[in-house]
Amino acid sequence: MTTTEQSLPLRERKKLRTRQALAETAVAMFTERGFDATTLDELVDAVEVSKRTFFRNFSSKEDVALTAIKQLWETYLGVLAEQPPSGPLLGVLKDALLTTLGRLDDHWYRQFLPTVRLTEGCAALHAHSLRYCAEVKAEIVRILGGGPDLGLRLLVEVVIGTWNCALAEWSPSGERDLLPVLVNRAFDTLPAALALE
């Protein structure tokens, strides 16, 4: 439990522990048994909570399975919203990503890699992830003050694509300290990649 979590009231800490238990158990069960083969009843029984408790925390099986991915992007959006962007936006978006990775704890890193692998191997989760990604991209554009500006939307697509390339390089090892290094490398490679003939 992080220092921030320890400062929460007891009731909030219990809710957080329940949410974490549901997310961890879901990823483990979906990985072992298959997403479609694991029922919601089996999941709530394993965590010893009611369906009502589940639906107070998550909207669906897809939602609970993608908890770590959603934590990443919710943190990222929070980092972006903390201060007005200054300087070239590519650097702002990259720095926000690196700040986000620095704020996520060991628990998140342990959950993130299995979540990524699970999502890659399940069509339903992959589709849900793509829909969520579209929402994130729209929110990034909104935070940056853009509307239908083609340049800004294209930049956000490039940033997400660069992140995905770094993630593909990272996922075979899953080593925590390697992810920021690969994010930096991917962004550093971007200018040369855009100039390829």
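Residues numbered from 1 in each chain as written. Predicted model: local features only at pLDDT ≥ 70, side-chain atom pairs only at ≥ 80, totals over all residues. Heavy atoms only, no water.

Naming follows an unreviewed UniProt entry, where the chain appears as TetR family transcriptional regulator of Amycolatopsis thermoflava.

## Description of the pattern of salt bridges
Worth spelling out the cut-off: A side-chain nitrogen of Lys or Arg and a carboxyl oxygen of Asp or Glu constitute a salt bridge if their distance falls within 4 Å. Numbering of helices and strands runs from the N terminus; a helix is a DSSP stretch of H or I covering at least four residues, while a strand is a stretch of E covering at least two. Exposure is judged per residue with a 1.4 Å probe applied to protein chains only, and the accessible area is read against the type maximum: over 50% gives exposed, under 20% gives buried, and values in between give partly exposed.
One pass over the full model with this rule turns up 8 salt bridges. The closest approach of N and O atoms between Lys51 and Asp41, which form a salt bridge, is 3.0 Å. Of the two residues, Lys51 sits in helix α4 (residues 51-57) while Asp41 sits in helix α3 (residues 40-47), which places them 10 residues apart along the sequence. A relative accessible area of 38% places Lys51 in the partly exposed class. The exposure class assigned to Asp41 is partly exposed, which follows from its relative accessible area of 40%. For Lys137, the salt bridge identified is with Glu157, shortest N-O distance 3.0 Å. With Lys137 in helix α9 (residues 123-143) and Glu157 in helix α10 (residues 150-170), the pair connects residues that are 20 residues apart, well separated along the chain.

## What about the nonpolar core?
The cut-off we apply is this: Side-chain atoms within 4.5 Å are what join buried Ala, Val, Leu, Ile, Met, Phe, Trp, Tyr and Cys residues into a set we call a nonpolar core. Any two residues having at least one pair of non-hydrogen atoms within 4.5 Å are treated as being in contact.
If you look at the biggest cluster of nonpolar residues, it comprises 40 residues, and the most contacted ones within it are Trp73, Tyr76, Phe112, Ile140 and Trp163. When contributions to this core are tallied by element, the ones reaching two or more residues are α6 (67-82), α7 (89-103), α8 (106-120), α9, α10 and α11 (178-194). With near-sequence residues (within four places) excluded, Phe112 lies in contact with Ala68, Ile69, Leu72, Trp163, Leu167 and Trp170. In terms of nonpolar packing, the next biggest core, distinct from the first, is built from 18 residues, Ala26, Met29, Val47 and Cys122 among them.

## Details of the packing of aromatic side chains
As a reminder, the rule being used: Think of it this way: a Phe, Tyr or Trp ring, Trp meaning its six-membered ring, pairs with another when their centres are within 6.5 Å, and the plane angle makes it stacked under 30 degrees, edge-to-face over 60, tilted otherwise. By definition here, charges over rings are those cases where NZ of Lys or CZ of Arg is within 6 Å of the ring centre and within 35 degrees of the ring normal.
Evaluated as defined, the whole model comprises 9 aromatic pairs. With 4.9 Å between their ring centres and 75° between their planes, Phe30 and Phe35 make a pair best called edge-to-face. Across this residue pair, the class does not change: Phe30 and Phe35 are buried. Against the face of Phe35 rests Lys61, its NZ or CZ located 4.5 Å from the ring centre.

## A few points about α3
Selection criterion: When we speak of the arc, we mean the arc of directions from the helix axis to the C-beta atoms.
Within the span of α3, buried status applies to Leu40, Leu43, Val44 and Val47. The buried residues of α3 occupy one face: seen down the axis, they fall within an arc of 90°. Buried residues belonging to α3 abut α2 (10-33), α4 and α5 (61-65).

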